[in-house]
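# Structure assessment
So you can see what is in the structure, the chains are spelled out below.
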Amino acid sequence: MSHPLKLAAAAGILLGLVACEEKSSNRLNVGGDDKAGACKVSNSTLAGTSWVYNKLAADGSGAREEDIQTRATFFEEGGQLKAKYTVGSYSDVYTYDCKLNEKLGEWQCFEPPKYKDWCQALITGGGTCDAAALKKLAGDFADDAGIDKGITEANETVAKFKDGDQWKQFVFNNNNLGNKLQGRMYVKVDDKRCHLRVTDNYMTIFDAQMKEDSNPVGTDQFVQTEEDFMWEICTDSADLIAMKSDKFPEKEDEVQPCLPNAGCSFAPGETVNYHYIGTDGREAKDGCAYSYDLYVDWKPVSKGNEAPVVEFGKAKEVRWGFSQTFDDSKAHIAEIVRFTTCEGKKEQVETACNLILVK
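In this report, we go over the structure that sits alongside the text. (Residues numbered from 1 in each chain as written. Predicted model: local features only at pLDDT ≥ 70, side-chain atom pairs only at ≥ 80, totals over all residues. Heavy atoms only, no water.)

## Comments concerning the overall build of the protein
The condition that has to hold: Under the scheme used here, helices are H or I runs from DSSP no shorter than 4 residues and strands are E runs no shorter than 2 residues, and both carry numbers assigned from the N terminus. Contacts between residues were defined by any pair of non-hydrogen atoms, one from each residue, lying within 4.5 Å. Note that accessible areas follow from Shrake-Rupley with a 1.4 Å probe, and for residues the cover is restricted to the protein chains shown.
Assigned secondary structure in the protein consists of four helices and 17 strands. Long-range contacts, defined as pairs at least 24 residues apart, comprise 65% of the intrachain contacts of the protein with a sequence gap of at least 6. Accessible area for the protein stands at about 18,000 Å²; split by element, carbon and sulfur atoms hold 47% of it.

## Some details on the state of the cysteines
The cut-off we apply is this: Pairs of cysteine sulfur atoms within 2.5 Å are what we label disulfides.
Enumeration over the complete set of coordinates arrives at six disulfides. When the bonded cysteines of the protein are counted from the start of the sequence, the pairing works out to 1-6, 2-3, 4-5, 7-12, 8-9, 10-11.

## Let's talk about the sheet that holds strand β8 (residues 209-225)
For the record, the criterion: Here the rule is simple: two strands pair whenever DSSP picks up at least two bridges between them. To obtain an axis, a line is fitted to C-alpha atoms, over the contacting stretch when the element is a helix, and the angle between two such axes runs from 0 to 180 degrees between their N-to-C directions.
Here eight strands make up a closed barrel; going around it, the order is β1-β2-β3-β4-β5-β6-β7-β8 and the pairing antiparallel. Averaged over all pairs of adjacent strands, the angle between strand axes in this sheet comes to 35 degrees, irrespective of strand direction. Across seven bridges, the pairing between strand β1 (residues 50-56) and strand β2 (residues 64-77) is antiparallel. Paired with V52 across the strands is R71, a residue of β2.

## Section: the sheet that holds strand β16 (residues 331-342)
Overall, antiparallel pairing links the four strands, which are arranged β12-β11-β16-β17 in an open sheet. The strands lining the two open edges of the sheet, one partner per strand, are β12 (299-306) and β17 (345-357). Direction aside, the axes of adjacent strands within the sheet are offset by 15 degrees on average. Across nine bridges, strand β11 (residues 288-296) lies against β16 in antiparallel orientation. Its bridge partner lying in β16, D293 is registered against V337.

## What about helix α4 (residues 167-174)?
Put simply, the rule is: Throughout, exposure labels follow a simple rule: accessible area from a 1.4 Å probe, protein chains only, divided by the maximum for the residue type, with under 20% read as buried, over 50% as exposed, and the rest as partly exposed. Working definition: the arc comes from the directions between the helix axis and the C-beta atoms, pointing outward to the latter.
Along α4, the positions that sit buried rather than exposed are W167, F170 and N174. On an axial view of α4, the arc spanned by its buried residues comes to 60 degrees, and they lie on one face. Away from its buried face, by an angle of more than 90 degrees, α4 presents the exposed residues K168 and F172. Residues of α4 that are buried in the fold lie against α1 (115-124), α3 (147-161) and β7 (195-206).

## Some points on the nonpolar core
General note: in soluble globular proteins, nonpolar side chains tend to be found buried as a group. We count it as follows: Put simply, a nonpolar core is a bunch of buried Ala, Val, Leu, Ile, Met, Phe, Trp, Tyr and Cys residues held in one set by side-chain atoms that sit within 4.5 Å of each other.
Core analysis: the largest hydrophobic core is formed by 24 residues, its most contacted members being L46, F74 and L196. For this core, the secondary structure elements donating two or more residues are β1, β2, β3 (80-85), β4 (94-101), β5 (106-110), β6 (182-190), β7 and β8. Contact partners of L196, with chain neighbours within four places excluded, come to L46, W51, F74, V187, K188, V189, D220, Q221 and F222. In terms of nonpolar packing, the next biggest core, distinct from the first, is built from 23 residues, V272, C288, A307 and I336 among them.

## Brief notes about the pattern of salt bridges
Here is the rule we go by: Whenever Lys or Arg places a side-chain nitrogen within 4 Å of a carboxyl oxygen from Asp or Glu, that contact is recorded as a salt bridge.
The tally for this structure, following the rule as stated, stands at 17 salt bridges. The partner of E250 in a salt bridge is R319, with the nearest N and O atoms 3.7 Å apart. Residue E250 is located in the loop between β9 (240-243) and β10 (271-276), and its partner R319 is located in the loop between β14 (315-318) and β15 (321-325); the two are separated by 69 residues in the primary sequence. Residue classification places R319 among the buried residues on the basis of a relative accessible area of 15%. A salt bridge links E317 to R319; the shortest N-O distance between them is 2.9 Å.

## A short note on the packing of aromatic side chains
Operational definition: Each Phe, Tyr or Trp ring, with Trp reduced to its six-membered ring, pairs with another whose centre is within 6.5 Å; inter-plane angles below 30 degrees give stacked pairs, above 60 give edge-to-face pairs, and intermediate values give tilted ones.
Taken as a whole and assessed by the stated rule, the structure comprises 13 aromatic pairs. A ring pair is formed by F110 and F141, whose centres lie 4.5 Å apart and whose planes are at 20 degrees; its orientation type is stacked. In this pair, F110 sits in strand β5 while F141 sits in the loop between α2 (131-138) and α3, placing the two residues 31 residues apart along the sequence. The residues F110 and F141 share a single accessibility class, namely buried. Plain terms: the ring middles of Y274 and F322 are 4.6 Å apart, the flat faces sit at 20 degrees to each other, and that makes the pair stacked. Here Y274 is found in strand β10, whereas its partner F322 is found in strand β15, with 48 residues between them in sequence. F322 sits in the buried class, given a relative accessible area of 9%. Feature note: the residues Y53, Y85, Y96 and F222 constitute an aromatic cluster, connected by ring pairs.

## Side note on the environment of G126
Mapping G126 onto the fold places it in the loop between α1 and α2. The exposed category is assigned to G126, whose relative accessible area is 70%. For the pair G126 and V171, spaced 45 residues apart in the sequence, the C-alpha separation amounts to 10.0 Å.

## Let's talk about α2
By the burial criterion, the buried members of α2 are L134, L137 and A138. Along the axis of α2, the buried positions cluster into a sector of 95 degrees, meaning they face one direction only. For α2, the exposed residues set more than 90 degrees away from the buried face come down to A132 and K136. Looking at the buried positions of α2, the neighbouring elements they touch are α1, α3, β6, β7 and β8. The positive-phi residue at the C-terminal boundary of α2 is G139, with phi of around 60 degrees.

Laid out in structure tokens, this is it:
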């Protein structure tokens, strides 16, 4: 690539999972109109449905309001129910495998086991990491194929830090109650009100003992939605930048992103100019077309947008860029799913995102 512009500073954008609460909550908040007999969704028909968190309003009135930042969708893959869940994140979407607990009448949806991370937590907490220990932690969700690899990789990583200057920090990173090692969601249909009763937890390992604690949702209700939302995880939060200028930055010193963590923001109604400056997929190939789908605040704005190809020096490159304005003063996230179409075959390149502040 003749023009590799990268933006290391943007890597500090805060796009991660919302902070967890230290105390778990088992209280179920219910409300709304009684819709007994009208619910068409059951524990056996969740596939193909989407849901948003129906949280209590902050004013203490007892009213409910939908929080689309926290949403879940269910689908079948290989005959198994799966879920995509945002856990209240701006840009992360986590995939869970679901198994029905017939005795409790609820779906238990867990992230796939991360054996390397689990093994590191066991070792730094003073425990033993072996196949038996990992299988016990994974329970019905055990994937035997990845256990040996996870143990090997964990032992190699531990050996690099053991007795070194960073060993204490490594132990703390892997052995603390806030180390989220697996998302766990428990889902049951409340067919009287046609809500989902969701318990949103995470699993951690502390002092070699498995523990569960709650994410901020705790146990609460989700309501069904027919809206189209973003369900792709953002894999690139550094290369889609927001600028005051609408001119594409062709030189290093022209890259002037407006970063919230650097104190930069936009005024209500001010145009935000987004430019993709990364190198992945930016080199244009003869006979190929380039496009993107645009989502703002998790809702689709437009799909199938053409990304133009321009001459740059002796090469051709793709320019993914767009402009947007916002009227309300808060953080806003824009996400683009980039595609290439060559010889009639359309393939996804990646999902890029950017968080800006309007105030």
